[in-house]
Amino acid sequence: MKKKMNIAIDGPAGAGKSTVAKLVAEQLSYLYIDTGAMYRALTLAALREGIDLQDGPALTEILSKTTIHLQHEQSGVRVLLNNEDVTEAIRMKDVTSNVSLVSSHEGVRLEMVERQRKLAEKGGAVLDGRDIGTYVLPDAKVKVFLTASVDERARRRYEEQRKKGIPADFDQLKEEIARRDQLDSTREFAPLKKADDAVEIDSTSLTIPEVAKSIIELAKERAR
Ligand code: CDP
Ligand code: CDP
């Protein structure tokens, strides 16, 4: 039987990557790998241990002693940090505002990338992140660079928080998103960038099923 392909979905914060990646994986019976959750889990571990987040070698050392598992359950993906369920904890504000700094260190990225490549080595995976098409899986059959205007992305995050009953400020969310995009796209090692062979989809005025459908069609085309 033909080996299943891998699908890479990159783009800035709030573009819809994880929601769409999950849906695409579900419809194709592929494995969904949320690489951002891995960087978030390390950030949480480092914050708990009080490590200086500018200190790349110290963070790399912590990571080498840390297990991060993405456990697939019917209710969704649970994130386990040294076997502790941190699915909700990694979405906290403190983690969100520090994750770009933690993930800017080369040593951290090299280890994460190795783990991510291992997860995808058999094919049949949908990975979402910032450097999947450019660095983690340069040979992925399908590469998508998903974008949306910063206002629309902030609006989506605002709605998300509102629904969860978390007080949110639109302007603050927008600022935080723009700050993270800036850090992610200007870091030296494997920055957020569209791969030359990625298909760009602007989701500003598209629904989640519309984006998922385009990606599935692309995958079917490439499988021929
Ligand atoms: O879902 P959201 O857009 O808020 O972010 P995420 O996918 O959970 O990623 C959190 C952060 O991890 C990003 O802002 C990047 O700093 C980092 N990240 C990365 O550097 N490389 C990846 N492949 C995935 C995430
Ligand atoms: O992973 P990323 O940060 O790129 O975005 P996400 O967490 O998948 O999506 C952010 C929010 O936007 C979620 O609440 C989605 O339901 C919503 N969304 C949307 O309203 N329309 C889209 N086309 C895509 C996502």
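Everything that follows concerns the structure shown earlier in this document.
For the structure given in this document, a descriptive report is provided here. (Residues numbered from 1 in each chain as written. Chains lettered and ligands numbered in written order. Predicted model: local features only at pLDDT ≥ 70, side-chain atom pairs only at ≥ 80, totals over all residues. Heavy atoms only, no water.)

### Notes on the packing of aromatic side chains
Pairs of aromatic rings are described using the distance from one ring centre to the other and the angle between the two planes.
Then, in step 1: Applying the stated criterion to the full structure yields one aromatic pair.
Then, in step 2: Their ring planes at 70° and their centres at 5.3 Å tell us that Tyr135 and Phe189 sit as a pair that is edge-to-face. One end of the pair, Tyr135, is in helix α6 (residues 132–136); the other, Phe189, is in the loop between α8 (170–186) and β8 (199–202), with 54 residues separating them in the sequence.
Then, in step 3: Look at Phe189 and you get buried, because its relative accessible area is 17%. (Phe/Tyr/Trp six-rings, centres within 6.5 Å; stacked < 30°, edge-to-face > 60°. Helix = DSSP H or I, 4+ residues; strand = E, 2+ residues; numbered from the N terminus. Buried < 20%, exposed > 50% of the residue type's maximum accessible area, 1.4 Å probe, protein only.)

### Regarding the environment of His72
Then, in step 1: Inspection of the secondary structure assignment puts His72 in strand β3 (residues 68–73).
Then, in step 2: Spatially, the C-alpha atoms of His72 and Val108 are 24 Å apart, while their sequence positions differ by 36 residues.
Then, in step 3: In contact with His72, not counting residues within four places along its chain, are Leu31, Tyr32 and Val77.
Then, in step 4: Among the polar contacts listed, one links the side chain of His72 to the backbone oxygen of Tyr32, at a separation of 2.8 Å.
Then, in step 5: In this structure the side chain of His72 is engaged in a polar contact, spanning 3.4 Å, whose partner is the backbone oxygen of Leu70. (Contact = heavy atoms within 4.5 Å. Polar contact = N/O pair within 3.5 Å; in protein donor to acceptor, adjacent residues only side chain to side chain.)

### Notes on the environment of Lys141
Then, in step 1: Position of Lys141 relative to the elements: it lies in the loop between α6 and β7 (142–147).
Then, in step 2: Since its relative accessible area comes to 45%, Lys141 is described here as partly exposed.
Then, in step 3: C-alpha separation for the pair Lys141 and Met5, spaced 136 residues apart in sequence, amounts to 6.0 Å.
Then, in step 4: With near-sequence residues (within four places) excluded, Lys141 lies in contact with Met5, Asn6 and Arg222.

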